[in-house]
Structures are given as C-alpha cells and as structure tokens.
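Listed below are the residues making up each chain.
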Amino acid sequence: MSNSEISPLIAIGRQQVGLWRHRWQQSYEALLMVELNETRAELCRTIENVLSDAPRRGEGENKETALAIQAKYADVRSRGVILTGFGSS
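Please read all numbers here as calculations on a predicted model, not as lab measurements.

Turning our eyes to something else, we now look at unusual backbone geometry. Of note in this structure, Ala11 is not a glycine but carries a positive phi near 55°. Locating Ala11 in the fold gives a position in the loop between helix H1 (3-10) and helix H2 (14-37). Judged by relative accessible area, which is 64%, Ala11 ranks as exposed.

Here it is, written out as structure tokens:
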C-alpha cells in the first residue's frame, strides 16, 4: 500500500504515514525480536515508542500523541490491516 492509500485509513496525513513507515523500517529487527521474545503488551509499548514523536525542547513526553498512536494502531489492527512489511512504500 502507498502512503496515500494508508493515510485515509488511519486519518493522518500522507507525510506522517511516510515518517512512521521510515521509523518502522529502521526499527524492524528490534520489533521482530520483541515480538518473538516478549509479551504482547511489551510489543505494543515498543511500537508506541517507535511511532511516538520525540519530546520537543522544553516539553515533557507528549502523552496525547502516544495515546492517539495506540488508538490508531488498535483501530488499524481491528480492520485486519497487516503491519508486517510496513517499510515498503
């Protein structure tokens, strides 16, 4: 799927999808290891960390962003969208 095709499914912009795909691709091996060796809860936390925005200068962690990512991830999973291979455009 292209970024433009994914964008409306999770109600975020095409560029944000591209950023998340890049982060996913860069973290793929680490995510795979967590998936194989840790609990599902730990995998979900790790995915949230990979996709979360870095704290901005002078701010703490953006909890709303982490919660939004978690909700969107759960929504996408419930629709049967497979995240394996998310690194391709």
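Picking up where we left off.
A word on helix H3 (residues 40-51). The end-to-end C-alpha distance of H3, which contains 12 residues, comes to 17 Å, matching closely the 16 Å that a straight helix rising 1.5 Å per residue would cover. What H3 keeps buried is the set Leu43, Thr46, Ile47, Glu48, Val50 and Leu51.

Here we come to the nonpolar core. Judged by nonpolar contacts, Ile6, Ile10, Ile12, Val17, Trp20, Trp24, Leu31, Val34, Leu43, Ile47, Val50 and Leu51 together constitute the single largest core of 12 residues. Of all the elements in the fold, those that place two or more residues in this core are H1, H2 and H3. In terms of residues, this core owes the most to one element, H2, which gives 5 residues.

Turning our attention to the environment of Leu43. Locating Leu43 in the fold gives a position in helix H3. For Leu43 and Leu32, which are 11 residues apart along the polypeptide, the C-alpha to C-alpha distance reads 8.9 Å.

Take the packing of H2 against H3 next. Where H2 contacts H3, the axes come no closer than 9 Å and their chain directions differ by 155°. Considered as vectors, H2 and H3 are oriented roughly antiparallel to each other. Regarding H2 and H3, the two cross each other, and that crossing is right-handed. Residues Trp20, Arg23, Trp24, Ser27, Leu31, Val34 and Glu35 of H2 touch H3, and the partners they reach there are Glu42, Leu43, Thr46, Ile47, Val50 and Leu51. Looking at the contact of H2 with H3 residue by residue, the classes come out as 8 nonpolar, 2 polar and 3 charged.

Relative to the 34 Å expected for 24 residues at 1.5 Å per residue, H2 spans 32 Å between its end C-alpha atoms, a close match to the ideal helical length. Among all positions of H2, only Val17, Trp20, Arg21, Arg23, Trp24, Leu31 and Val34 are buried.

Before going further, it helps to spend a moment on the environment of Cys44. Along the chain, Cys44 turns up in helix H3. For Cys44 and Val34, which are 10 residues apart along the polypeptide, the C-alpha to C-alpha distance reads 9.6 Å.

Moving on, we get to the confidence of the model for the protein chain. Mean pLDDT for the protein chain: 75, with 60% of residues reaching 70 or above. Put simply, helix H4 (residues 63-78) is where the protein chain has its lowest mean pLDDT, 58, and H1 is where it has its highest, 90. Within the model, the stretch residues 85-89 combines pLDDT values under 50 with 12 contacts to residues more than four positions away or in other chains.

Rules used in this analysis
- Residues numbered from 1 in each chain as written.
- Predicted model: local features only at pLDDT ≥ 70, side-chain atom pairs only at ≥ 80, totals over all residues.
- Heavy atoms only, no water.
- Helix = DSSP H or I, 4+ residues; strand = E, 2+ residues; numbered from the N terminus.
- Buried < 20%, exposed > 50% of the residue type's maximum accessible area, 1.4 Å probe, protein only.
- Expected span 1.5 Å × (residues − 1).
- Core = buried A, V, L, I, M, F, W, Y, C linked by side-chain atoms within 4.5 Å.
- Axes fitted to C-alpha atoms, helices over the stretch in contact; angles between N-to-C directions.
- Parallel < 35°, antiparallel > 145°, perpendicular 65-115°, else oblique.
- Left-handed = near helix turned anticlockwise from the far one by under 90°.
- Contact = heavy atoms within 4.5 Å.
- Nonpolar A, V, L, I, M, F, W, Y, C, P; charged D, E, K, R; others polar.
- pLDDT = per-residue confidence, 0-100.

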